[in-house]
Amino acid sequence: PPSESHDPHHPKEREKETMTNHDKPPVCILDRNLMNANTIGNMDNIGLSIFAPLCGKNRGVFVLNPPDGKTYGCSKFPATFAALAGVDSDAITDSNSIPIGVGAGSLSGSDAVDLIDLYVRSVYTSSAAVEDDPYGCDCGGLAVLECGANDNKRSLLGSTTPVRAATLAGMFVPAPWATGGYGTPPLTLEQARSFYTLDDFEDMVALGLNTVQIPVPVDVFAANADGLVRDAVSDLLELVKAAGLHTILVAVDDNDDDGNNITVDQQAADTAAAAAFAHERNVLALTLPASTPAIVRIARAAAPGLPLLLPTKGSELQNLNKSEYDGDDDIFAAVQMEHSTSVADVASSSSIEDRGKMTYHESMACIARSPIEYSACYRDVPVFVSNGFDLSIDDCIHQDEDRFQDFGQCGRFNETIDSGWWKRHRTSFAERQFSTFERGAGWSFAAWKLFGREENDVVGAIDSPAKLLSLRDVAAAGLIPSLTGTTTSTTNNLSCLNGPINDAAIGDETHPPSPAPPPDCGNGWWNSATSQCDYWIPPEDRVVPPAAVAGGGTLAGVGVASTSSGSSSAPPTQIGVSAMAGGAVAALVCMVVWRRFRGTSDQAYTMLR
């Protein structure tokens, strides 16, 4: 219909915009910084890492361009597939041919990478409406979305330096989990002023941070405000600057004293005042209270050249349109990448479910790179992860609040305190988030520290759910990778090369193979010390036939010791239940991860309110 051609949100119009913004259309390819001839040998399971996510996309099929009259998929590759990838082989008939060839040594690592890269490209170009799908290029974190002229993504700090920040949670905007828990009043202005000292900011610099994020109610900057909080913010900015840190100021929309939403005019006036304040004090960037074009224009008029961050959810990135903001190159998305907002994210009621949930979140952390790169390529808006970077996997920081929904997720936190399993997997979770979030403009951790715990608290002891949101504590506990020694992005680390370690079923327990019943020694007995049958009167040498299997046949792979004297065959072993449970957990994680991001949202899951 004619009206479609004038709708800037229509997919065809978005595609036109994409083509005019870049030299070439975006293309999804294998990330060879992660997976290459040198690293493919370190992969635990190529099929699980690559083909499991790709074989589920686009109904599992792909076609050639130009078409050749046939449809292909995981189970059937074109006869020319190897040649199209520049590989000399006639054995590549399906996806399984690649790991088999690598394992047999008939396919080199570089050839395997070329074949997988072609498969990634083929699936992406065969998929519909990728310009509207933030997860269209998802391949477990192993694919990258290249976007032509915009490959050199804009940075808030210049060059390739990512923002590495901590949020001053609870200082000026209430955050009960950071300042004493539910039921405790917000900090007084005196408490807020004493919360952070120069030593804190110098500790941040020593850890490798370069920025702090400070949430402040937007009405603090109103012309009729009393000015006391604004003065405290000004003093704080000077302290931050003295330590050598940058500041991202977050203007938080709030209600008036009677709990009523502020008017549009009042919001506009407060935003203009906040932008002028930020511009005068030369802060790094300002996060706006809303992402409407009207608010952006008001802030831009008050603060020319100041980077403006638009509050956005990860599931809403496809709705961004840079043209609505007059093509402003200093526009960034301040994205909430929260991972504890749905039943699927938080629910668990046993130790093994807790551990399975942990591995699920580890996998999800790598997948999050797809919407970050999508926003930069298709919407031409770089992403800053402003919220959602922490090591929690539940909502237990809210368990004392009236709105909390108890699914059993908070009853076993003590099991994690001295657990080697939890330390290993929390470290993995942190590394995967670092690797993913630095593919955009950077990140801010949920908090630097918690209020009022200095006297009796042990920094680095992860003994409460809130500690998992405190960067000072998780750093002291050894749960994050080093940020010192480099100012460049850590996107070339190999955190996402493999999925999480599949040991959720047993946790910290180590279960050796369970011994089967000893061999039948006839008139003798099995001597476990010497691993042989002993007799008072040794019988004639004979060999016991293989054990019978119900329904006929034999039990393949189970050794049976000779019952003659001197036999040294050990008793057979049985596969432990824990090993089978571990495989089930891994399969469940893969299934849930793909189901959640098959489309553009997690609409199959109930959101927590």
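Note that the structure is a prediction, hence the values are computed from the model and not measured.

## Some words on a nonpolar patch on the surface
Alright, step 1. A surface patch of nonpolar side chains, amounting to about 460 Å² of accessible area, comprises Trp525, Trp536 and Ile537.
Alright, step 2. With respect to the helices and strands, Trp536 occurs in the loop between strand E15 (532-534) and strand E16 (573-574).

## Topic: the sheet that holds strand E10 (residues 331-336)
Alright, step 1. If you walk around this closed barrel you meet the 8 strands as E5-E6-E7-E8-E9-E10-E11-E12, and the pairing is parallel. Each strand of the sheet is rotated relative to its neighbour by a mean of 30 degrees, with strand direction disregarded.
Alright, step 2. Note that strand E9 (residues 308-313) and E10 share 6 bridges and pair parallel. Bridge assignment links Leu308 to a residue of E10, and that residue is Ile331.

## Considering the state of the cysteines
Alright, step 1. Tallying each qualifying case throughout the model produces 6 disulfides.
Alright, step 2. Note that Cys366 is cross-linked by a disulfide to Cys496, the S-S spacing being 2.0 Å. Residues Cys366 and Cys496 are joined through a disulfide that is left-handed, its torsion about the S-S bond being -90 degrees. Placement of Cys366 in helix H12 (residues 351-367) and of Cys496 in the loop between helix H16 (471-476) and strand E13 (514-515) is noted, with a sequence separation of 130 residues between them. In this structure, Cys366 and Cys496 share a single accessibility class: buried.
Alright, step 3. In this model, Cys521 is linked to Cys533 through a disulfide, with the two sulfur atoms separated by 2.1 Å. Its torsion about the S-S bond being -70 degrees, the disulfide of Cys521 and Cys533 is classed as left-handed. Placement of the pair is Cys521 in the loop between E13 and strand E14 (525-527) and Cys533 in strand E15, with a sequence separation of 12 residues.
Alright, step 4. Cys521 sits in the buried class, given a relative accessible area of 5%.

## Points about the pattern of salt bridges
When their charged atoms lie close together, side chains carrying opposite charge are able to pair.
Alright, step 1. If you walk through the whole model with that rule in mind, you get 19 salt bridges.
Alright, step 2. As a salt-bridge pair, Asp31 and Arg369 come within 3.0 Å of each other at their nearest N and O atoms. Of this pair, Asp31 sits in the loop between strand E1 (27-30) and helix H2 (46-54) while Arg369 sits in helix H13 (residues 369-378), placing them 338 residues apart in sequence. Arg369 carries the same exposure label as Asp31, and that label is buried.
Alright, step 3. Here Arg369 ties to Glu373 by a salt bridge, and the two come within 2.6 Å at their closest N and O atoms.

## What to know about unusual backbone geometry
Alright, step 1. Here the amide bond leading from Asn65 into Pro66 is cis, since omega sits at 5 degrees, within 30 degrees of zero.
Alright, step 2. Relative to the helices and strands, Pro66 is located in the loop between strand E2 (61-62) and strand E3 (72-73).
Alright, step 3. Of note in this structure, Arg59 is not a glycine but carries a positive phi near 60 degrees.
Alright, step 4. For Arg59, a relative accessible area of 68% puts it in the exposed group.
Alright, step 5. A positive phi is found at Ala129, a non-glycine position, where the angle reads about 55 degrees.
Alright, step 6. Structurally, the position occupied by Ala129 is in the loop between helix H5 (109-125) and strand E4 (143-146).
Alright, step 7. The exposure class of Ala129 is partly exposed, given its relative accessible area of 41%.

## So, the packing of aromatic side chains
Alright, step 1. For the structure on display, the rule yields 18 aromatic pairs.
Alright, step 2. Pairing Tyr196 with Phe201 gives two aromatic rings, centres 5.8 Å apart and planes at 20 degrees, and the pair type is stacked. Of the two residues, Tyr196 and Phe201, both sit in the buried class.
Alright, step 3. Put simply, the rings of Phe51, Phe62, Tyr72, Phe77, Phe81 and Tyr119 pair up and form one aromatic cluster.
Alright, step 4. The ring of Tyr196 carries Lys449 above its face, with NZ or CZ at 5.1 Å from the centroid.

## Remarks on the side chain of Arg164
Alright, step 1. Following the sequence through the fold, Arg164 ends up in strand E5 (residues 163-167).
Alright, step 2. Residue Arg164 is classed as buried on the basis of its relative accessible area of 2%.

## Some thoughts on the confidence of the model for the chain
Alright, step 1. With 79% of its residues at a pLDDT of 70 or more, the chain shows a mean pLDDT of 82.
Alright, step 2. Confidence, expressed as mean pLDDT per element, reaches its minimum in the chain at E16 with 34 and its maximum at strand E8 (residues 285-287) with 98.
Alright, step 3. In the predicted structure, residues 1-22 sits below a pLDDT of 50 and forms 28 contacts with residues beyond four places in sequence or in another chain.
Alright, step 4. This stretch, residues 542-605, has a pLDDT under 50; its non-local contacts, to residues over four places away or in other chains, come to 105 contacts.

## Here's the deal with the packing of H2 against H5
Alright, step 1. Contact geometry of H2 with H5 gives a least axis separation of 10 Å together with a crossing angle of 20 degrees. Relative to H5, H2 is oriented roughly parallel. The two elements H2 and H5 meet at a crossing, and its hand is left-handed. Listed contacts from H5 to Ile46, Ile50, Phe51 and Leu54 of H2 are Ile116, Tyr119, Val120 and Val123.
Alright, step 2. Residues belonging to the contact of H2 with H5 are distributed by class as follows: 8 nonpolar, no polar and no charged.

## Side note on helix H8 (residues 228-242)
Alright, step 1. The end-to-end C-alpha distance of H8, which contains 15 residues, comes to 21 Å, matching closely the 21 Å that a straight helix rising 1.5 Å per residue would cover.
Alright, step 2. Of all the residues in H8, the buried ones are Ala232, Val233, Ser234, Leu236, Leu237 and Val240.
Alright, step 3. Buried residues in H8 make contact with helix H6 (189-195), helix H7 (198-207), strand E6 (211-217), strand E7 (246-252) and helix H9 (264-280).
Alright, step 4. Of the residues trailing H8, Gly244 is marked for its positive phi of about 90 degrees.

## Focus on the nonpolar core
Alright, step 1. Grouped together as the largest cluster of nonpolar side chains are 129 residues, with contacts concentrated most on Ile50 and Phe201.
Alright, step 2. Looking at which element gives the most residues to this core, the answer is H5, with 9 residues.
Alright, step 3. Ignoring sequence-local partners within four residues, the contact set of Ile50 consists of Leu30, Met35, Ile116, Cys139 and Leu142.
Alright, step 4. Counting 12 residues, the second-largest nonpolar core is a separate cluster that includes Leu156, Val163, Val250 and Ala285.

## Brief notes about the packing of H9 against helix H10 (residues 293-302)
Alright, step 1. It is the contact of H9 with H10, at a shortest axis distance of 8 Å, that shows an interaxial angle of 35 degrees. Relative to H10, the crossing made by H9 is right-handed. Between H9, through Gln267, Ala268, Thr271, Ala272, Ala275, Ala276 and His279, and H10, the contact on the second element is made entirely by Ile295, Ile298, Ala299 and Ala302.
Alright, step 2. Residues that form the contact of H9 with H10 fall into these classes: 8 nonpolar, 3 polar and no charged.

## Here's the deal with H5
An α-helical segment advances 3.6 residues per turn. Residues three or four places apart therefore align on the same side.
Alright, step 1. With 17 residues, H5 extends 24 Å between its outermost C-alpha atoms, agreeing within 8% with the 24 Å of an ideal straight helix rising 1.5 Å per residue.
Alright, step 2. Taken as a whole, H5 has its buried residues at Ala112, Val113, Leu115, Ile116, Asp117, Leu118, Tyr119, Val120, Ser122, Val123 and Tyr124.

## Section: the environment of Ala475
Alright, step 1. In this fold, Ala475 is placed in helix H16.
Alright, step 2. Between the C-alpha atoms of Ala475 and Val459, which are 16 residues apart in sequence, the distance is 9.3 Å.
Alright, step 3. Here Ala475 is in contact with Leu207 and Ile480, once residues within four sequence places are set aside.

Basis of the calculations
Residues numbered from 1 in each chain as written. Predicted model: local features only at pLDDT ≥ 70, side-chain atom pairs only at ≥ 80, totals over all residues. Heavy atoms only, no water. Patch = residues over 30% accessible without salt bridge, like charges linked within 9 Å, V, L, I, M, F, W, Y side chains within 5 Å. Areas by Shrake-Rupley, 256 points an atom, 1.4 Å probe, with all protein chains shown as cover. Salt bridge = Lys/Arg side-chain N within 4 Å of Asp/Glu carboxyl O. Helix = DSSP H or I, 4+ residues; strand = E, 2+ residues; numbered from the N terminus. Pairing = 2+ DSSP bridges. Axes fitted to C-alpha atoms, helices over the stretch in contact; angles between N-to-C directions. Disulfide = S-S within 2.5 Å. Buried < 20%, exposed > 50% of the residue type's maximum accessible area, 1.4 Å probe, protein only. Phe/Tyr/Trp six-rings, centres within 6.5 Å; stacked < 30°, edge-to-face > 60°. Lys NZ or Arg CZ within 6 Å of the ring centre and 35° of its normal. pLDDT = per-residue confidence, 0-100. Contact = heavy atoms within 4.5 Å. Parallel < 35°, antiparallel > 145°, perpendicular 65-115°, else oblique. Left-handed = near helix turned anticlockwise from the far one by under 90°. Nonpolar A, V, L, I, M, F, W, Y, C, P; charged D, E, K, R; others polar. Expected span 1.5 Å × (residues − 1). Core = buried A, V, L, I, M, F, W, Y, C linked by side-chain atoms within 4.5 Å.

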